[in-house]
Amino acid sequence: MSLLIQRGLKATVPAVRLSVCHSSTQSSSYGGSSNYVPGKQGYAPGFPPPKNFRDAPKAKLPPKLASDLPQPKDRSRDEPKASSVAKQYREKLRQLRFGYMHDHLVGQEAKREKNKRSLA
């Protein structure tokens, strides 16, 4: 900075605007988040959370099961036999993806069962 001043150049420093929240009445009225664990998670009583804060954590969705997966539709009946090579390729790829997803979900179910047995 002093080198710039010696050369006769002015250094421009961007102006920073700080906004300090002086809402002591608001922060003291906050009772803390429902999932507050000291030092681990949530917001302590007296310390308001950020704007748009969710007080309770989002509920986790139950795991997907292979039985939840709908049965693949047999599209070969719907289309004429003289379908293009690209359509045949897409249909085989769709069936392959369905099979991979089904196998993956079956494996996940087996892993969850194994974990349940090992913890019990």
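Residue positions are given per chain, counting from 1 as you read along its sequence in written order. Per-residue local features are limited, in this predicted model, to residues with pLDDT of at least 70; the limit for side-chain atom pairs, both in listing and counting, is 80 or more; totals at the level of whole chains, interfaces and linings are taken over all residues. Side-chain metrics in this entry use all non-hydrogen atoms of the structure; hydrogen atoms and water are not considered.

Draft legend 1. Representation of the overall build of the protein within the structure. For the protein, the helix and strand inventory stands at 3 helices and 0 strands. Here a helix means four or more residues in a row that DSSP labels H or I, a strand means two or more in a row labelled E, and each is numbered from the N terminus. What you see in the protein, going N to C, is helices and strands ordered as α-α-α. When a residue's accessible area, from a 1.4 Å probe over protein chains only, is under 20% of the maximum for its type it is buried; when over 50% it is exposed; and in between it is partly exposed. By the burial criterion, 10% of the 120 residues in the protein qualify as buried. A separation threshold of at least 6 residues defines the contact pool for the protein, and within that pool the share at least 24 residues apart is 30%. The protein chains shown are the only cover counted for residues, whose accessible areas, like all others here, come from Shrake-Rupley with a 1.4 Å probe. Entry remark: accessible area of the protein is about 11300 Å², with carbon and sulfur atoms responsible for 58%. The contact criterion used throughout is that any non-hydrogen atoms of two residues lie within 4.5 Å.

Draft legend 2. Structural view of the confidence of the model for the protein. A residue's pLDDT is the confidence the predictor assigns to it, expressed on a 0 to 100 scale. Mean pLDDT over the protein: 77, with 69% of residues reaching 70 or higher. By mean pLDDT, the top-scoring element of the protein is helix α3 (residues 85-119) (92), and the lowest-scoring one is helix α2 (residues 24-29) (52).

Draft legend 3. Layout of the pattern of salt bridges. By definition here, a salt bridge exists when the distance from a side-chain nitrogen of Lys or Arg to a carboxyl oxygen of Asp or Glu is within 4 Å. Throughout the structure, instances matching the rule amount to 1 salt bridge. Among the ionic pairs, Glu91 bridges to Arg94, the shortest N-O distance being 2.6 Å. Here Glu91 and its partner Arg94 are both found in helix α3, 3 residues apart, which amounts to about one turn of the helix. Comparing Glu91 with Arg94 shows no difference in burial state: the two are buried.

Draft legend 4. Structural detail: the environment of Pro49. Counting through the fold element by element, Pro49 comes out in the loop between α2 and α3. Between the alpha carbons of Pro49 and Tyr30 there is a distance of 8.8 Å; along the sequence they are 19 residues apart. With near-sequence residues (within four places) excluded, Pro49 lies in contact with Tyr30 and Tyr43.

Draft legend 5. Focus on α3. Expected span, for any helix, means 1.5 Å times one less than how many residues it has. With 35 residues, α3 ought to run about 51 Å at 1.5 Å a step, and its terminal C-alpha atoms sit 51 Å apart, in line with that. When α3 is considered as a whole, its buried residues turn out to be Glu91, Arg94 and Leu105.

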